[in-house]
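# Examination of the molecular architecture
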Amino acid sequence: MNPLPISVALPRFKNDMTIARAQMVTSGTMPTVKGLEQGIVTEMQMCYAEYLIAEKRDLEAEQVIEGFIYDDDRMMALPELYAAWLWLARMALLIDSGNASLSLGAAENALLVLSDHHGKKTEDFHAIVASLLYNLALAHHDMGDNSRAAKELTKAQQMLERLAKRNEARFSAMLLMAVEASTEVIKSKTKQMNVLAHYQSASELYMKELNSDDANATRTAMSNLVDTLGKEGDIMLEMGNGRNAVKYYTKALRYQKKLGEKMGHRELTLSISLAKALMRLINRRAAAEQLLRSLLPLAQRLDATAEVHEIQDLLNNKNKNVNIMTLLKSIFTVALIIVGTLGAQAQLIVGHRGSQWGVENTRAAFINGANAGAWGLECDIRVTGDGTFIISHDDSYKRLGGPETKIADMSTASLLSMQLTHKRHGITYAGTPCTLGEFLDICNEYNVVPVIEVKVCTNIHSNTKAENDPVYDGIPALINLIDQKGLTDKAVIISFMPGVVDFIHRHYPDVTVQVLAGEEDGSIMEWVEWCKQYHMDLDVVHTIVTKEAVDAMHKAGLKVNVWTVDKVEDFERVKAMGVDFITTNARFPNEL
């Protein structure tokens with residue numbers, strides 16, 4: 001992210017500074033102020049601070065700004081927008097010097113000033129707030145917190161769009177910077193998801209190696225596991241998922257303790273990271289502060305200077321983010337920070353076979369889809385030779401690097417020990433098969449809706465679309481497993497076989513069902529009539545869906561899911577039709 005020129009947010013002065021600005025450019029110094037009124041002198045000094053920042057003379061600019069902010073009487077006499085701008089300038093200088101965490105204090109002071117502003121919310125007022133939001137995003141981006149950065153940029157961009165409509169000359173360049181910054185943050189988050197999937201695969205491998213008969217190999221695997229779990233925690237923390245970051249760090253520290261090593265630098269850094277994750281959880285901040293205070297002597301004993309400073313910064317700034325949120329809300333009548341691009345949209349996102357971040361239909365793909373903001377996760381189920389429901393789209397794992405042997409002819413144990421690979425967008429992921437029970441546990445843990453596609457296979461049912469000889473011998477066991485996991489009222493079952501979804505609809509009315517329809521299965525309006533007849537929702541390929549069909553379904557009180565929508569233009573098209581669900585590999589709320 002590039003720093004924002006704070007000159008755009010400089011409030012309009014009461015006095016004309018044209019001559020003074022020209023003198024600064026010509027001489028590079030502050031013009032003489034002898035004999036001038038104090039109000040004019042103040043505005044000239046602010047102009048000079050702006051000039052120095054633009055010329056990258058940061059040390060001199062800091063001295064001018066500190067002449068204001070460390071003089072309480074002087075600051076109290078300033079108009080509120082002048083004082084807020086000075087704190088904004090101070091914040092920008094701190095970020096530029098690499099002190100992102102300290103810049104939060106300057107942001108807090110700027111917002112305190114603005115929260116006391118009871119006059120008209122002018123263009124200057126909103127320009128300062130938009131700049132503060134942008135700089136907060138820049139600070140959080142520098143601190144590795146892309147989740148907060150994305151939210152702050154979203155609101156900054158919305159404010160700048162409104163400002164640019166009224167004053168294009170002043171705000172258009174600023175708006176463009178916000179858009180470019182948003183793109184950069186989103187790319188960073190996508191990269192984080194890709195890296196997370198790799199670490200998850202590595203963790204699974206090291207977990208299996210812990211059972212080695214070779215003590216040295218087991219110890220090496222445990223040490224490697226500590227590192228990968230720590231990295232997974234780091235990424236979760238950067239993505240704003242404090243709850244899961246705590247889980248990863250705690251697990252890493254548990255294995256580190258099993259290694260029996262003397263407390264050292266690795267345990268210290270993991271513990272500091274755990275404290276940062278705890279700070280994200282409202283009810284755990286006191287525990288985080290207590291942990292940091294206990295770590296400070298260890299960091300000093302280890303001569304870990306960087307960690308000592310980090311602990312002190314965290315303790316000094318422990319409530320800054322919380323207070324900033326409170327102040328922002330006090331300035332506006334509605335919450336200023338929104339939860340993402342899709343927050344106000346009607347469409348719910350379903351992750352196709354989990355997501356694109358991991359081998360399809362494996363734990364990593366499901367977990368990463370949930371972390372990317374999916375409302376539901378779609379999977380495909382089959383049955384092993386010994387009767388276990390397992391997740392797979394195909395009838396074998398050959399396409400994903402497994403054997404040609406049919407899943408129906410293999411044991412659960414042999415399938416779960418299989419190593420799968422999947423190359424997606426130039427990245428090769430690794431993983432292992434996942435049972436339906438594990439998938440449902442993930443859905444419970446991450447509070448997402450399981451969307452289960454019933455495939456044609458032995459032990460679930462043995463007919464396709466025939467109505468004269470339906471056999472659904474595995475359906476009761478499927479519903480029973482869903483019920484055991486407490487997901488009967490939440491799960492959605494889908495299938496290309498109308499007979500199957502109709503059977504479930506009639507015998508298990510508490511379970512939501514959708515009938516699947518592809519390009520070769522008939523016209524869209526034929527499916528609409530079928531759904532209306534059986535009072536059932538439709539899950540249709542996006543290439544044949546129409547606004548007429550969506551409206552007809554909605555008029556009948558039914559819902560429409562579309563699959564598989566990955567291109568931007570397709571996403572916007574079906575969204576405009578008003579569909580209820582969008583099944584996708586990549587277009588998740590946190591990534592849009």
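Before reading further, recall that the structure is shown in the block above.
In this text, all values refer to a predicted model and were calculated from it rather than measured experimentally. (Residues numbered from 1 in each chain as written. Predicted model: local features only at pLDDT ≥ 70, side-chain atom pairs only at ≥ 80, totals over all residues. Heavy atoms only, no water.)

## Here's the deal with the overall build of the protein chain
- When helices and strands are counted, the protein chain shows 23 helices and 11 strands.
- Viewed in the frame of its principal axes, the protein chain has a C-alpha envelope of about 100 × 65 × 40 Å.
- Counting all 592 residues of the protein chain, 55% fall into the buried class.
- In the protein chain, once contacts between residues fewer than 6 apart in sequence are set aside, the share between residues at least 24 apart is 60%.
- Total accessible area computed for the protein chain in this model is approximately 26600 Å², and 51% of it derives from carbon and sulfur atoms.
- Positive and negative side-chain charges in the protein chain, numbering 61 and 74 respectively, have mean positions lying 3 Å apart. (Helix = DSSP H or I, 4+ residues; strand = E, 2+ residues; numbered from the N terminus. Buried < 20%, exposed > 50% of the residue type's maximum accessible area, 1.4 Å probe, protein only. Contact = heavy atoms within 4.5 Å. Areas by Shrake-Rupley, 256 points an atom, 1.4 Å probe, with all protein chains shown as cover. Lys, Arg positive; Asp, Glu negative; His and termini not counted. Charge placed at Lys NZ, Arg CZ, Asp CG, Glu CD.)

## Considerations on helix 5 (residues 80-96)
- Under the 1.5 Å per step criterion, the end-to-end length of helix 5 is 24 Å for 17 residues, consistent within 8% with the ideal 24 Å.
- Most of helix 5 sits out of view: 15 of its 17 residues are buried. (Expected span 1.5 Å × (residues − 1).)

## Focus on the pattern of salt bridges
- For the structure on display, the rule yields 27 salt bridges.
- For Asp124, the salt bridge identified is with Arg170, shortest N-O distance 2.9 Å. Here Asp124, found in helix 7 (residues 123-142), pairs with Arg170, found in helix 9 (residues 168-209); they are 46 residues apart in sequence, far enough to count as distant.
- When the shortest N-O distance is used, the salt bridge between Lys485 and Asp441 registers 3.0 Å. Here Asp441 lies in helix 18 (residues 436-446) and Lys485 lies in the loop between helix 19 (475-484) and strand 7 (492-495), a separation of 44 residues in the sequence.
- Overall, the relative accessible area of 25% leaves Lys485 in the partly exposed class. (Salt bridge = Lys/Arg side-chain N within 4 Å of Asp/Glu carboxyl O.)

## Notes on the packing of helix 11 (residues 242-258) against helix 12 (residues 265-279)
- The interhelical angle for the contact between helix 11 and helix 12, taken along N-to-C directions, is 155°, at an axis separation of 9 Å. What the angle tells us is that helix 11 and helix 12 run roughly antiparallel. With respect to the hand of their crossing, helix 11 and helix 12 are arranged in left-handed fashion. Residues Gly242, Ala245, Val246, Tyr249, Thr250, Ala252, Leu253 and Gln256 of helix 11 pack against Arg266, Glu267, Leu270, Ser271, Ser273, Leu274, Ala277 and Leu278 of helix 12.
- The residue makeup of the contact of helix 11 with helix 12, split by class, is 9 nonpolar, 5 polar and 2 charged. (Axes fitted to C-alpha atoms, helices over the stretch in contact; angles between N-to-C directions. Parallel < 35°, antiparallel > 145°, perpendicular 65-115°, else oblique. Left-handed = near helix turned anticlockwise from the far one by under 90°. Nonpolar A, V, L, I, M, F, W, Y, C, P; charged D, E, K, R; others polar.)

## Describing the packing of helix 21 (residues 524-534) against helix 22 (residues 547-555)
- Put simply, helix 21 and helix 22 touch, their axes get as near as 10 Å, and they point 5° apart. By the angle class used here, helix 21 and helix 22 are roughly parallel. Along the contact surface, helix 21 presents Ile524, Met525, Val528 and Cys531, while helix 22 presents Glu548, Ala549, Ala552 and Met553.

## What to know about the side chain of Asp539
- Position of Asp539 among the secondary structure elements: in strand 9 (residues 537-541).
- No salt bridge is formed by the buried Asp539, whose closest oppositely charged neighbour, Lys455, lies at an N-O distance of 11 Å.
- Those residues in contact with Asp539 that sit more than four places away from it in its chain are Ile494, Gln514, Val515, Leu516, Ala517, Asn561, Val562 and Trp563.

## Examining the packing of aromatic side chains
- With the rule as written, the count across this model stands at 8 aromatic pairs.
- Ring geometry for Phe13 versus Tyr82: centroids 5.5 Å apart, planes at 90°, classification edge-to-face. Within this pair, whereas Phe13 is found in the segment before helix 1 (18-27), its partner Tyr82 is found in helix 5, the two being separated by 69 residues in sequence.
- The buried category is assigned to Tyr82, whose relative accessible area is 6%.
- A cation over an aromatic ring shows up here: Arg74 above the ring of Phe68, its NZ or CZ 3.8 Å from the ring centre.
- Seen from the ring of Phe571, Arg587 lies directly overhead, with NZ or CZ sitting 5.6 Å from the centre. (Phe/Tyr/Trp six-rings, centres within 6.5 Å; stacked < 30°, edge-to-face > 60°. Lys NZ or Arg CZ within 6 Å of the ring centre and 35° of its normal.)

## A look at the environment of Phe439
- Note that Phe439 resides in helix 18.
- Exposure remark for Phe439: the relative accessible area of 0% places this residue in the buried category.
- Between the C-alpha atom of Phe439 and that of Phe13, which follows or precedes it by 426 residues, the distance is 62 Å.
- Excluding its chain neighbours within four sequence positions, the residues that come into contact with Phe439 are Phe366, Leu377, Cys379, Ile391, Cys434, Pro450, Val451 and Ile452.

## Let's talk about the nonpolar core
- Counting residues in each nonpolar core, the largest one holds 121 residues, and the members touching the most others are Ile381, Leu436, Phe439 and Val540.
- In contact with Leu436, other than residues within four places in its own chain, are Cys379, Ile381, Phe389, Ile390, Ile391, Ile452, Leu478 and Leu481.
- Counting 77 residues, the second largest nonpolar core, distinct from the first, contains Met17, Leu52, Ala84 and Ala89. (Core = buried A, V, L, I, M, F, W, Y, C linked by side-chain atoms within 4.5 Å.)

## Examining the pairing of strand 2 (residues 376-383)
- In terms of burial, strand 2 is a largely internal element, 8 of the 8 residues being buried.
- Burial of strand 2 is two-sided: the residues Gly376, Glu378, Asp380 and Arg382 facing one way and the residues Leu377, Cys379, Ile381 and Val383 facing the other way are all buried.
- Pairing of strand 1 (residues 348-351) with strand 2 involves 2 bridges; the strand directions are parallel. Across the sheet, Gly351 pairs through a bridge with Leu377, a residue of strand 2.
- Two strands pair when backbone bridges link them, and strand 2 and strand 6 (residues 449-454) are joined in this way by 6 bridges, in the parallel orientation. Residue pairing in the sheet places Leu377 in a bridge with Pro450 of strand 6.
- Relative to strand 3 (residues 389-391), strand 2 is paired through 3 bridges, and the arrangement is antiparallel. By the bridge assignment for strand 3, Arg382 is matched with Ile390.
- The antiparallel pairing of strand 2 with strand 3 creates a hairpin that spans 5 residues between the two strands, and Gly387 there sits at a positive phi of about 90°. (Pairing = 2+ DSSP bridges.)

## Here we look at the pairing of strand 4 (residues 420-424)
- Here strand 4 shows a clear split, with Leu420, His422 and Arg424 buried on one side and none of Thr421 and Lys423 buried on the other.
- Strand direction decides the pairing type here: strand 4 and strand 5 (residues 427-431), joined by 5 bridges, are antiparallel. Paired with Arg424 across the strands is Ile427, a residue of strand 5.

Honestly, it's all geometry; don't read function into it.
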